[in-house]
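# Structure at a glance
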Amino acid sequence: MEGTARRHAERCLALAEAAAPKLRGPEQAVWLARLEQEHDELQTALAWSLDQANGAATVEIGLRLAGALPWFWFVHSHLALGRRWLEQALERSSATAPSGRMKAVLGLGRLTLELGDLGSAEARFEEGMTLARELGDRRRMAAAVDGLGLVAHARADHKRALRLLRESLTLSRGLGDERGVADAIGNLGLVARDQDQTEHMVALYEANLARYRGLGDARGVAWSLHCLGFAARQRYDDERSTALFDESMAIFEALGDRRSVAWTLHNLALIAQARADYGRAVPLHEDNLARFRAFGDTRGVAGTLLHLGIVARQQDDYGRAIAFFEQALSLFRQIDDRPGIAWSLQNLGITARYQGRHDRAASLYDESLARFRALKDRRSIAWSLRDQGILVRYRGDYAQATPLYEESLALFREIDERRGTASSLRNLGTVAREQGDHERAAALYEESLALFREIGNTRGIAWSLRSLGTAAQARGDHGRAAALYRESLILFRELGDKRSIAWCFHNLGTVVREQGDARRSAHLLGAAEALRHAIGAPLPPGGPGLLRTGPGRQSHPARRGGPRGELRSGTDDQPGAGDRLRAGRAEVGLK
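Attention here is on the structure that accompanies the text. (Residues numbered from 1 in each chain as written. Predicted model: local features only at pLDDT ≥ 70, side-chain atom pairs only at ≥ 80, totals over all residues. Heavy atoms only, no water.)

Quick look at the overall build of the chain now. A count of helices and strands for the chain gives 29 helices and two strands. In terms of overall dimensions, the chain has C-alpha extents of about 95 × 50 × 40 Å along its principal axes. Split into buried and exposed, the 591 residues of the chain put 58% on the buried side. A separation threshold of at least 6 residues defines the contact pool for the chain, and within that pool the share at least 24 residues apart is 60%. (Helix = DSSP H or I, 4+ residues; strand = E, 2+ residues; numbered from the N terminus. Buried < 20%, exposed > 50% of the residue type's maximum accessible area, 1.4 Å probe, protein only. Contact = heavy atoms within 4.5 Å.)

Moving on: the packing of aromatic side chains. Evaluation of the coordinates by the stated rule reveals seven aromatic pairs. Their ring planes at 35 degrees and their centres at 4.9 Å tell us that Trp-71 and Phe-74 sit as a pair that is tilted. Linking Trp-71 with Phe-74, this pair stays in helix α5 (residues 70-75), spanning three residues, or about one helical turn. Classification of Phe-74 as buried rests on a relative accessible area of 4%. The ring of Trp-71 has Arg-24 sitting right over it, with the charged end atom 4.6 Å from the ring centre. Over the aromatic face of Phe-74 sits the side chain of Arg-110, whose NZ or CZ is 4.6 Å from the ring centroid. (Phe/Tyr/Trp six-rings, centres within 6.5 Å; stacked < 30°, edge-to-face > 60°. Lys NZ or Arg CZ within 6 Å of the ring centre and 35° of its normal.)

Glancing now at the environment of Lys-159. Looking at the element boundaries, Lys-159 is found in helix α10 (residues 158-175). Taking C-alpha positions, Lys-159 is 20 Å from Ser-172, a pair spaced 13 residues apart along the chain.

Let us now look at the nonpolar core. Leu-35, Leu-46, Leu-65, Leu-69, Trp-73 and Leu-113 are the most contacted members of the largest nonpolar core, which totals 82 residues. Setting aside anything within four residues of it in sequence, one finds Leu-35 in contact with Leu-15, Ala-16, Ala-19, Leu-23, Leu-42, Leu-69 and Phe-72. In this structure, Ala-276, Leu-411, Trp-463 and Leu-531 belong to the second largest nonpolar core, which totals 71 residues. (Core = buried A, V, L, I, M, F, W, Y, C linked by side-chain atoms within 4.5 Å.)

This part takes up helix α27 (residues 498-514). Taking 1.5 Å per residue, 17 residues should reach 24 Å; α27 reaches 24 Å between its end C-alpha atoms and fits that length. Of all the 17 residues making up α27, 14 are buried; the element is thus mostly covered by neighbouring parts of the structure. Looking one or two places after α27, you find Gly-516, whose phi comes out positive at around 90 degrees. (Expected span 1.5 Å × (residues − 1).)

Turning our eyes to something else, we now look at helix α13 (residues 218-234). Since one α-helical turn is 3.6 residues long, residues separated by three or four positions face the same way. Between its terminal C-alpha atoms α13 stretches 25 Å, which fits the 24 Å expected from 17 residues at 1.5 Å a residue. Within α13, 14 of the 17 residues are buried, leaving the element largely enclosed by the surrounding structure. At the N-terminal boundary of α13, the capping side chain belongs to Asp-217, with an oxygen 3.2 Å from the backbone nitrogen of Arg-219. Remark: Tyr-236 follows α13 within two positions and exhibits a positive phi of approximately 65 degrees. (Polar contact = N/O pair within 3.5 Å; in protein donor to acceptor, adjacent residues only side chain to side chain.)

Once their charged atoms are close, side chains differing in charge can pair, the charge on each being opposite to the other. Taken as a whole and assessed by the stated rule, the structure comprises 39 salt bridges. One salt bridge connects Arg-275 with Asp-238, and the closest N-O pair in it is separated by 3.4 Å. Of this pair, Arg-275 sits in the loop between α15 (258-274) and α16 (278-295) while Asp-238 sits in helix α14 (residues 238-255), and the two are 37 residues apart along the sequence. Residues Asp-387 and Arg-386 are paired through a salt bridge, measuring 2.5 Å at the closest nitrogen-oxygen approach. In this structure, Asp-387 and Arg-386 share a single accessibility class: buried. Via salt bridges that share partners, Arg-24, Arg-179, Asp-183 and Asp-217 belong to a single interconnected network. (Salt bridge = Lys/Arg side-chain N within 4 Å of Asp/Glu carboxyl O.)

For the pair helix α9 (residues 138-154) and α10, the least separation of the axes is 8 Å and the interaxial angle reads 160 degrees. Relative to α10, the element α9 lies roughly antiparallel. The crossing of α9 and α10 is left-handed. Between α9, through Arg-138, Arg-139, Met-141, Ala-142, Val-145, Asp-146, Leu-148, Gly-149, Leu-150, Ala-152 and His-153, and α10, the contact on the second element is made entirely by Arg-160, Ala-161, Leu-164, Leu-165, Glu-167, Ser-168, Leu-171, Ser-172 and Leu-175. By residue class, the composition of the contact of α9 with α10 is eleven nonpolar, four polar and five charged. (Axes fitted to C-alpha atoms, helices over the stretch in contact; angles between N-to-C directions. Parallel < 35°, antiparallel > 145°, perpendicular 65-115°, else oblique. Left-handed = near helix turned anticlockwise from the far one by under 90°. Nonpolar A, V, L, I, M, F, W, Y, C, P; charged D, E, K, R; others polar.)

Non-glycine residue Ala-276 carries a positive phi angle of around 60 degrees. As for its placement among the helices and strands, Ala-276 is situated in the loop between α15 and α16. Of note in the backbone geometry, Lys-376 takes a positive phi value of approximately 55 degrees without being a glycine. Assignment of secondary structure puts Lys-376 in the loop between α20 (358-375) and α21 (378-394).

Here Gln-195 lies in the loop between α11 (178-194) and α12 (198-215). Apart from the residues lying within four places of it in its own chain, the contact partners of Gln-195 are His-158, Leu-162 and Arg-378.

What follows is about the environment of Leu-391. Looking at where Leu-391 falls in the secondary structure, it is placed in helix α21. What makes Leu-391 buried here is its relative accessible area of 4%. Through-space distance from the C-alpha of Leu-391 to that of Ile-350 is 9.9 Å; in sequence the pair is 41 residues apart. Excluding residues that lie within four positions of it along the chain, Leu-391 makes contacts with Arg-353, His-358, Ala-361, Ala-362 and Tyr-365.

Taken N-terminus to C-terminus, the directions of helix α24 (residues 438-455) and helix α25 (residues 458-474) make an angle of 165 degrees; their axes are 9 Å apart at the nearest point. By the criterion of interaxial angle, the relationship of α24 to α25 is roughly antiparallel. Between α24 and α25 lies a crossing of left-handed hand. Contacts from His-438, Ala-442, Tyr-445, Glu-446, Ser-448, Leu-449, Phe-452 and Arg-453 of α24 reach α25 at Gly-460, Ile-461, Ser-464, Leu-465, Ser-467, Leu-468, Thr-470, Ala-471 and Ala-474. Residues of the contact of α24 with α25, tallied by class, amount to nine nonpolar, six polar and two charged.

Once that is clear, we can look at the side chain of Asp-316. Mapped onto the secondary structure, Asp-316 falls in the loop between α17 (298-314) and α18 (318-334). Lys-498 is the oppositely charged side chain nearest to the buried, salt-bridge-free Asp-316, at an N-O distance of 5.7 Å. A distance of 3.4 Å separates a polar atom in the side chain of Asp-316 from a polar atom in the side chain of Tyr-318. If we ignore the near neighbours within four places in the chain, the residues touching Asp-316 are Gly-496, Asp-497, Lys-498, Arg-499 and Ile-535. (Lys, Arg positive; Asp, Glu negative; His and termini not counted.)

This part takes up the side chain of Gln-43. The residue Gln-43 is located in helix α3 (residues 39-49) in this model. With a relative accessible area of 19%, Gln-43 lands in the buried category. Once you skip the residues sitting within four places of it in the chain, Gln-43 turns out to touch Leu-81 and Trp-85.

Now the structure itself:
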């Protein structure tokens, strides 16, 4: 019986070691599929060989077998399973030759990195580096340095990541290791992406695309296409981005790389989300959430929860949004994903602002901005500054709001982030309008609108149209103001953005009040109040965003309820919330 088990283990070892060098070349699909087919047999051999009762020689078979399989486990998404086998093999083979341990240690480092356990990954790569130096194995030294660079990248320590990845690139070039060169360049592309160096990132991945094709490495080709798709998405070229993601996904599917398929679907979901196509985005996110959970990919789970929260907030479901953000925050803290932690805090702050909880929003913004500054993440700093500016403007502190918006605008322009640029321009326009400079406000709003149209951002177009309406109204051009409010209202209706619909009802109500139609004004302002009450999004305090309708007065909705504007049930002379909404919609021709 033991002889049969040994022969089985030796056959499995021979298969795995024959497959290992083939898993990144022209025959990778065939060998990956074969290992998947034999996976149960391979695990049976691992279990027998790592049984210490069978002797040290069999444990060495187990270590060699486990050390030959990490890339297969990585590509075919057996991350947690592979980690368990490698940890067991290393634990039971402490006296084994360093060469066998080195392969297993470096493979374990890669799997733990993908699982988000950065501390364990770093320790394994450091151990692998020590063993490689002892053995004079420069190829494995390069792999260990590359792994440490990826750990630094995951921690958003870009300076350390660049130093380590460049060191790995130099080692691989010195060895004439083209695959090592390609891997290091690809990882340098990730750092360029996170530093908003989009042009540099594109150059790196276009060069790598040709390099991987020359090596016959289909997965390398797929990841280069995927990263070029990400760059196209950052440039708001959704058509090219979608085509590149689709092309990469077809390759990932052919290789059985389910986790890379999931990340590609994640990016396709973000394209749909940006278009407010929630009917497509939400099912993709929900499907991916199950996928990432099955893979044990904590970062994937957390990132998906974060975006499900953003969608919930965009659909005015603030309670659900908060639940998603808090779950994401907990997971990002668990794996020490610093950008993820900061973005979860920022989104909790935005949601608190929408709910009128401005003190909590300010606290969350302060914490997230401090984290973004520590990460030197210019894109995120710019968005955070913009959100800080909105809160400060709510207090009427234009002297502080203006430099916040201007700093965010400068950063957005520096990294060629057009959506952010348009948003900051619009907010600067609002500051100008609220200080009485209506011509400057209109010019800034027009510039913002042009940028939003250029990138096809419907929500931004709608907000800029509404803002132009406020500028026209402030100049006394009520006809143009009403037309702009109606145009923005149609777009917000298409987006299902109830908070913004309420703003449009409010603005239209103030216009018709200034035109002397008190009845229509009451219907529209009542509809706005009812809708805000229904979604839990009150007006901001004071005057920001509210147009003055006379000397020293601001236009507020008619408050027919309690001291905080709560709505009571309808009576003969006071319509209830549902009646107000219907009346307001009727006034603007909406059903």
